[in-house]
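Notes for the structure review
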Amino acid sequence: MKIHSVESRFIAIVFGAFLLFVAPLFALFLALSSERVTRERLNDAEILLQANVQALGKPLWDLDADSTATIATALRSGANVIYVRVRDTSGTIDIRMPPSPPDPDAVQSTVVSDILYEASDGTRKVGSAEIWVAEAGPISRLTRDEAAVFLIFLFAVGTIFVAAIIGNRVTIIRPLMRLTAAIEATRRLGSRHQVDWTSNDEMGYLARNFNEMQSRLEREENELKLAHARTTEIYNRTPAMLFTIDAENCIAAVSDYWLVATGYSRDAVIGRGFTEFVDAADHLIYRDRHEKGINGEGICEVTVRFHRADASVMDVLVHEVAMDSDGGQRGPTLSVMTDVSGLKEAENRNHRQAITDHLTGLLNRQGFESVLGELIAKAEEEKQQLACLFLDLDRFKWINDNLGHAVGDQVLCEVAVRLRNQLRFNDMVARLGGDEFAILLISPDAVQVAMDIGDRLCRALKEPVMINGSRLNVSASIGVAVYPDHAASAGDLLQKSDMAMYARKRNGKNGTRLFDDEIVDIARRRLEIEQCIEQALREDWFEAYLQPIVELGTGRVAGFEALMRLRHPEKGVLVPDEIVGVAEENGTIGKVGDVIFEKAIRSLAAVSQISGMGDCYLAVNFSPLQFDAALPSRLAAILLEHGVTASRIVIEITEAVLMLDSPAVRHVLDALGELGCRIALDDFGTGYSSLSYLNRFPVDIVKVDQSFVRSIGTQEAEISRKSRTLIEGITMISHQMGCIVVAEGIETEHQLQVLTEIGLDFGQGYLFSEPLPLPGLMARLSHIAARPHGHDRAVAGSRL
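Residues numbered from 1 in each chain as written. Predicted model: local features only at pLDDT ≥ 70, side-chain atom pairs only at ≥ 80, totals over all residues. Heavy atoms only, no water.

Points about the overall build of the chain
Rules: Numbering of helices and strands runs from the N terminus; a helix is a DSSP stretch of H or I covering at least four residues, while a strand is a stretch of E covering at least two. The quantity called the radius of gyration is restricted to C-alpha atoms. Its globule counterpart is 2.2 Å times the number of residues to the power 0.38. Summary of the burial criterion: residues with accessible area below 20% of their type's maximum are buried, those above 50% are exposed, and those between are partly exposed, where the area comes from a 1.4 Å probe applied to protein chains only. Residues count as neighbours in contact if any of their non-hydrogen atoms are within 4.5 Å of one another. What sets the accessible areas is the Shrake-Rupley method with a 1.4 Å probe; for residues, cover comes only from the shown protein chains. A residue counts as positive if it is Lys or Arg and as negative if it is Asp or Glu; His and the chain ends are not included. We put the charge of a Lys on NZ, of an Arg on CZ, of an Asp on CG and of a Glu on CD.
Across its full length, the chain holds 26 helices and 25 strands. The C-alpha radius of gyration of the chain comes to 55 Å, more than 25% above the 28 Å expected for a compact globule of 800 residues. With respect to the three principal axes, the spread of C-alpha positions in the chain is 155 × 115 × 60 Å. Considering the chain as a whole, with its 800 residues, one finds that 41% of them fall into the buried category. For the chain, the share of sequence-separated contacts (at least 6 apart) that also reach a separation of at least 24 residues comes to 61%. Summed over its atoms, the accessible surface of the chain is roughly 42,800 Å², and 55% of this surface lies on carbon and sulfur atoms. For the chain, the distance from the average position of its 81 positive side-chain charges to the average position of its 110 negative side-chain charges is 2 Å.

Structure, rendered in structure tokens:
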């Protein structure tokens, strides 16, 4: 009889349950029986030995070996006794039965007892007796009743086991065999066979559901056949070039519209490879369509040239979607082909427009980048050099802002014409955007050629440009980089020429600069500073140093100017000018300014605890880039946090802020004034139209630039006289406008004396004190506060 896997597993489960639950009970039963038998045998042996040991006293005392052997024989005849040994204390009598002891594994236990004799002088030990009890066998451990119970238990378990197997075969195996037979018949014959089984249990429920499923599948198969017939009709009548390609890339089916559009007959194309109809130049594109053209929806798109039956060629867009396949292999695809010849022509036209600058007719940035890669490959192939000239107009922003964009466009067109006139026929020129141009030229000695062309271009652009009868002066800064001497890739070449152009701008504009290592060092230094600024913001390296501002008439410390310092853990305190310039370029000046302002306010709150410093003000420099609409609210929050009134804060701005003449900047200045802050105009006298700012903006304090202060007392009397005259004029006008005047950079007693005579209000500089961190400043101010009151005046003429 064949045992099915389900039945085998059931038998294994039942047998496993028997081993897991019944076998341990049987083992426990045997263990308890064995323990009982062991105790009984040991007890019997002890009783037997005690009953005979008294009789051995007299024979051993008398050294009667025969009587002793007789008693030992009686001990040996005891039940379960397998070995007896009797000996006296003197070693004269030593009786063993049998002569050799049995195997220790056959011994259950050993009982030993001393043999005593009542002599005239008292009880004496005359020897010892020892008996060994045999180990009981498995069967002998059970009594007759226990054996009967055990057999009944085994019969009951066996009956349950057999009943479970028969019940499983009747209730589960038989219906499963019928279900399996129905499934096998369906598989072999293709028809939907049903299971002949009826019952009210789970197997009956399974059989009913299986029969219902078979009926439903039969209905669905009929519906699919009908749907397939309808789909085939729709496929052939759809007004689109539909076709099907099998796994071998052969045409398996085509729609009627496909035949009409291509001019072929169905018999002429079915079974042929689709590649046979594709132009030879596009074979590689078509073969790689699946690797390069599958989108997120699993649709493959490729555009190729298709040959019609009349030998004409049309551009077609082929959309392919893979149908189901077996085994993970690429199966047939359903495709639609669309004639895009008109769109392709328009696309080429648009591409030409996309890579051309509409204003000058030159290549734009996109066209330049595509040509740059091609020329690098050409230079590499011909073993030549490729030079890139990056050109930026020096005064174009002024022309655009003051004369309008229309004039600016005319200037760009004239510049493009002049560039073409100075270049060779095979040189390429492009407008990258705004007033930036780039030129590419190939030559065995590209460096010399590029520098010569750069000089010619600078001379050509230096000639005035006539626009609407006006003469406009335009110059250019040009940077040159050469492949492969300076760069190893297209992007690197453009970047190096751009860096060389900016280096030329920093050194005076209107000229040509060849890329060199110095430019790399400057860029590397700037990158190091950028990274240092970012790390300083993360790890709190920025500090606010305070420099006292002294009232020149009394020598009293009236306030402090907050100055930014970056304390690097390895490099020490870094120069702030370079850090501020980079921070303004990369946009981190706002974060740096907020950190310095918050720390300066915290320092002011600490200084205010010193006697006489409670009303000192704090002057803080702000970059033009910090003037955003949220600045007043941020300052107010910091002041509120540290309990400092806004009237003690002076916002120092440069003329660059006012030159913006922006309504947004004016709104921020008004908001700061409403908050209670005062506005100080820093570096006064070094910019343009300085005097007009005093009238147009809410300026409260004017700070005389330290360049004028240093000129006082120089060796050249004329320069000293003019500087004094300028300071006198600034002071007089500022006082007339209601502004306080502060002098910066006071370093000598002579400068202090002259400024006091002129009548300036306050001053600061190394004569009084260098900028100090908070601990040093607190120590110095505490020392001043401890001086007698009469010494305050002396502060004006000495360091703090």
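Observations regarding the sheet that holds strand 11 (residues 428–433)
Our working rule: Only when DSSP finds a minimum of two bridges between them are two strands counted as paired. Think of each axis as a best-fit line through the C-alpha atoms, taken over the contacting stretch in the case of a helix, with angles from 0 to 180 degrees between the N-to-C directions.
Spatial strand order, 11-12-10-15-16: five strands in an open sheet with mixed pairing. Lying at the two open borders of the sheet, with one neighbouring strand each, are strand 11 and strand 16 (511–514). Sheet twist, expressed as the average angle between the axes of neighbouring strands with direction ignored, equals 20 degrees. Running at roughly 20 degrees to strand 10 (residues 385–393), helix 14 (residues 446–462) makes contact with strand 10, strand 12 (436–443), strand 15 (476–483) and strand 16 of the sheet.

Examining the environment of Cys388
Along the chain, the position of Cys388 falls in strand 10. In this structure the C-alpha to C-alpha distance between Cys388 and Ala446, which are 58 residues apart in sequence, comes to 9.2 Å. In contact with Cys388, not counting residues within four places along its chain, are Phe368, Ile439, Leu440, Gly479, Val480, Ala481, Leu493, Leu494 and Ser497.

Some words on unusual backbone geometry
Comment: phi is negative for the bulk of residues other than glycine, and the bulk of peptide bonds are trans. The omega torsion across Met97 and Pro98 is -10 degrees, close enough to zero to call that bond cis. Positionally, Pro98 belongs in the loop between strand 2 (94–97) and strand 3 (107–119). A cis amide bond, omega 5 degrees, links Tyr483 with the succeeding residue Pro484. Relative to the elements of secondary structure, Pro484 occurs in the loop between strand 15 and helix 15 (490–506). Phi is positive for Asn249, which is not a glycine, with a value near 65 degrees. Its location among the elements puts Asn249 in the loop between strand 5 (241–245) and strand 6 (251–254). Assessed through its relative accessible area of 18%, Asn249 is described here as buried. Phi angles above zero are rare outside glycine, and Lys383 is one such case at about 60 degrees. The exposure class of Lys383 is exposed, given its relative accessible area of 72%.

With respect to the confidence of the model for the chain
Low pLDDT means the predicted coordinates in that region are not meant to be read closely. The condition is simple: Confidence scores per residue from the predictor, reported as pLDDT, run from 0 to 100.
Of the residues in the chain, 90% reach a pLDDT of 70 or more, and the chain-wide mean stands at 82. Mean pLDDT across the elements of the chain ranges from a minimum in helix 22 (residues 690–696), with 65, to a maximum in strand 25 (residues 762–763), with 96.

A closer look at the packing of helix 11 (residues 365–382) against helix 15
So the rule is basically this: In these notes the angle categories are as follows: under 35 degrees is roughly parallel, over 145 is roughly antiparallel, 65 to 115 is roughly perpendicular, and the rest is oblique. Helix crossings get a hand from a simple test, with the near helix turned counterclockwise from the far one by less than a right angle marking a left-handed crossing and a clockwise turn marking a right-handed one. Note on residue categories: nonpolar means Ala, Val, Leu, Ile, Met, Phe, Trp, Tyr, Cys or Pro, charged means Asp, Glu, Lys or Arg, and polar means any other residue, Gly included.
Packing of helix 11 against helix 15 brings their axes to within 9 Å, and their N-to-C directions diverge by 115 degrees. One way to sum up the angle between helix 11 and helix 15 is to call them roughly perpendicular. Crossing angle aside, the handedness with which helix 11 passes helix 15 is right-handed. When helix 11 is examined against helix 15, the residues Arg365, Phe368, Leu372 and Ile376 are found in contact with a partner set consisting of Ala490, Leu493 and Leu494. Looking at the contact of helix 11 with helix 15 residue by residue, the classes come out as six nonpolar, no polar and one charged.

As for the pattern of salt bridges
Selection rule: Each salt bridge in this description consists of a side-chain nitrogen of Lys or Arg and a carboxyl oxygen of Asp or Glu lying within 4 Å of one another.
Applying the stated criterion across every chain yields a total of 34 salt bridges. For Asp279, the salt bridge goes to Arg305, with nearest N and O atoms at 3.8 Å. Here the residue Asp279 occupies a position in the loop between helix 7 (266–269) and helix 8 (283–287), and Arg305 occupies one in strand 7 (residues 299–307), the gap between them amounting to 26 residues. For Arg305, a relative accessible area of 32% puts it in the partly exposed group. A salt bridge links Arg721 to Glu718; the nearest nitrogen and oxygen atoms lie 2.5 Å apart.

Quick look at the nonpolar core
The condition that has to hold: Buried Ala, Val, Leu, Ile, Met, Phe, Trp, Tyr and Cys residues that are joined via side-chain atoms within 4.5 Å together make up what is termed a nonpolar core.
Grouped together as the largest cluster of nonpolar side chains are 76 residues, with contacts concentrated most on Phe560, Leu618, Phe627, Ile649 and Ile651. When residues in this core are grouped by element, the largest group, eight residues, is from helix 18 (residues 589–607). What Leu618 contacts, discounting residues up to four positions off in sequence, is Leu546, Phe560, Ala562, Ala600, Ile601, Leu604, Arg648, Ile649 and Val650. In terms of nonpolar packing, the next biggest core, distinct from the first, is built from 32 residues, Leu362, Leu389, Ile467 and Val482 among them.

Things to note about the pairing of strand 9 (residues 333–339)
Examined bridge by bridge, strand 5 and strand 9 share five bridges and lie antiparallel to one another. Residue pairing for strand 9: Leu242 is matched across the bridge by Val336. As defined by bridge partners, strand 8 (residues 313–322) adjoins strand 9 across seven bridges and the pair is classed as antiparallel. Residue pairing for strand 9: Leu317 is matched across the bridge by Thr338.

Thoughts on helix 13 (residues 405–422)
An α-helix turns once every 3.6 residues. As a result, residues three or four positions apart point the same way. Rule in force here: The length a helix should cover is 1.5 Å for every residue beyond the first.
Compared with the 26 Å implied by 1.5 Å per residue over 18 residues, the 26 Å span of helix 13 between its first and last C-alpha is a close match. Residues of helix 13 that are buried include every one of Val407, Gly408, Val411, Leu412, Val415, Ala416, Arg418 and Leu419, and no others.

Describing the side chain of Asp88
Note on placement: Asp88 falls in strand 1 (residues 81–88). For Asp88, the residues in contact, after removing those within four places along its chain, are Leu60, Leu63, Ile93, Val126 and Gly127.

As for the packing of aromatic side chains
Our working definition: Planes of paired rings set the category: under 30 degrees apart is stacked, over 60 is edge-to-face and the rest tilted, where pairs are Phe, Tyr or Trp rings (Trp by its six-membered ring) whose centres lie within 6.5 Å. By definition, being over a ring means that NZ of Lys or CZ of Arg is both within 6 Å of the ring centre and within 35 degrees of the ring normal.
Considering all chains together, one arrives at 12 aromatic pairs under this definition. When the ring of Phe243 is compared with that of Phe274, the centres are 4.9 Å apart and the planes differ by 10 degrees; the resulting orientation is stacked. Of the two residues, Phe243 is situated in strand 5 and Phe274 in the loop between helix 7 and helix 8; the sequence distance between them amounts to 31 residues. Under the relative-accessibility criterion, Phe243 is labelled buried at 0%. Under the relative-accessibility criterion, Phe274 is labelled buried at 0%. Judged by centre distance (5.3 Å) and plane angle (40 degrees), the ring pair of Phe274 and Tyr286 falls under tilted. Residue Phe274 is located in the loop between helix 7 and helix 8, and its partner Tyr286 is located in helix 8; the two are separated by 12 residues in the primary sequence. As far as the burial class goes, Phe274 and Tyr286 line up, both buried. Joined through ring pairs, the aromatic side chains of Phe243, Trp258, Tyr264, Phe274, Phe277, Tyr286 and Phe306 make up one cluster. A cation over an aromatic ring shows up here: Arg565 above the ring of Tyr545, its NZ or CZ 5.5 Å from the ring centre. Here the basic side chain of Arg678 rests over the ring of Tyr617, its NZ or CZ set 5.0 Å away from the ring centre.

A short note on the sheet that holds strand 7
With antiparallel pairing, the five strands of this open sheet are ordered in space as 6-5-9-8-7. This sheet does not close on itself; its edge strands, each paired only once, are strand 6 and strand 7. Put simply, the sheet's adjacent strands are angled 30 degrees from each other on average, direction ignored.

Some remarks on the pairing of strand 8
When strand 7 meets strand 8, the two strands line up antiparallel, connected through nine bridges. Bridge pairing links Phe306 to Met314 in strand 8. Joining the antiparallel neighbours strand 7 and strand 8 is a turn of five residues, in which Ala311 adopts a positive phi near 75 degrees.

Digging into a nonpolar patch on the surface
Applicable threshold: Any residue with relative accessible area above 30% and no salt bridge may belong to a patch, with like charges joined within 9 Å and the nonpolar Val, Leu, Ile, Met, Phe, Trp and Tyr side chains within 5 Å.
The grouping of Leu25, Leu151, Phe153 and Leu154 at the surface amounts to a nonpolar patch, some 380 Å² of accessible area in total. No other element matches helix 4 (residues 144–189), which puts three residues into the nonpolar patch. Given the relative accessible area of 35%, Phe153 is considered partly exposed.

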